[in-house]
Amino acid sequence: MTEWITNISNLLSVLSAAGLLGGGVWMYRRENRRIKQAEAARAEADLNIIAAHEWKEIAEHREQKLEIRDKQITGLFDQIGQWRDRCNEKDMQIHRLELQLESQKIRLCNRRGCPVREPQSGY
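Residues numbered from 1 in each chain as written. Predicted model: local features only at pLDDT ≥ 70, side-chain atom pairs only at ≥ 80, totals over all residues. Heavy atoms only, no water.

A.B. asks: An account of the overall build of the chain is requested, with residue identities and associated values reported.
C.D. replies: Scanning the chain from terminus to terminus reveals two helices and zero strands. Counting every position in the chain, which comprises 123 residues, the buried fraction comes to 2%. Carbon and sulfur atoms provide 60% of the accessible area of the chain, an area that totals close to 11800 Å². (Helix = DSSP H or I, 4+ residues; strand = E, 2+ residues; numbered from the N terminus. Buried < 20%, exposed > 50% of the residue type's maximum accessible area, 1.4 Å probe, protein only. Areas by Shrake-Rupley, 256 points an atom, 1.4 Å probe, with all protein chains shown as cover.)

Okay, here's the thing in structure tokens:
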């Protein structure tokens with residue numbers, strides 16, 4: 001009979017130990033779920049931060065490219081303005097020379113060394 005009592009007490013101790021372990025797991029399952037959810041949220045936040053940094057780098061790189069392009073465009077517009085100014089100066093010089101040529105044509109005498117000047121201009 002004592003064997004039965006010993007076996008029953010051993011069985012009860014094993015069952016109570018298993019119950020405590022299982023009960024502990026059962027009791028902390030909600031907390032474990034919250035911990036896992038928090039870890040998942042933290043991992044997702046870390047991924048979002050990484051993605052935000054990557055997008056920031058892409059945007060900064062794009063801004064640098066746009067600044068370089070703007071400088072190039074500004075330089076080209078400056079060159080166009082310089083060429084336009086040179087062309088205007090050349091055109092004005094050509095017109096000035098054409099006017100001088102026309103005035104010299106008017107003053108030109110067809111007879112050389114003669115007192116009667118053709119055409120009569122008073123020069």
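A.B. asks: How would you sum up a positive patch on the surface? Please name residues and give values.
C.D. replies: On the surface, a cluster of positive charge is made up of R29, R30, R33 and R34. Along the chain, R33 falls in helix α2 (residues 29-107). (Patch = residues over 30% accessible without salt bridge, like charges linked within 9 Å, V, L, I, M, F, W, Y side chains within 5 Å. Salt bridge = Lys/Arg side-chain N within 4 Å of Asp/Glu carboxyl O. Lys, Arg positive; Asp, Glu negative; His and termini not counted. Charge placed at Lys NZ, Arg CZ, Asp CG, Glu CD.)

A.B. asks: Give me the lowdown on a nonpolar patch on the surface, citing residues and values where you can.
C.D. replies: Residues I73, F77 and I80 make up a contiguous nonpolar surface patch of roughly 290 Å² in combined accessible area. Within the secondary structure, I73 sits in helix α2.

A.B. asks: Which residues make up the pattern of salt bridges, and what values go with them?
C.D. replies: Counting across every chain of the model gives one salt bridge. Residues K105 and E102 are paired through a salt bridge, measuring 3.7 Å at the closest nitrogen-oxygen approach. Placement of both K105 and E102 in helix α2 is noted, with a separation of three residues, approximately one turn of the helix. Since its relative accessible area comes to 43%, E102 is described here as partly exposed.

A.B. asks: Lay out the packing of aromatic side chains in plain terms, naming residues and giving numbers.
C.D. replies: Evaluated as defined, the whole model comprises zero aromatic pairs. Over the ring of W83 we find R86, and its NZ or CZ is 5.0 Å from the ring centre. (Phe/Tyr/Trp six-rings, centres within 6.5 Å; stacked < 30°, edge-to-face > 60°. Lys NZ or Arg CZ within 6 Å of the ring centre and 35° of its normal.)

These results come straight from atomic positions and should not be treated as a statement about function.
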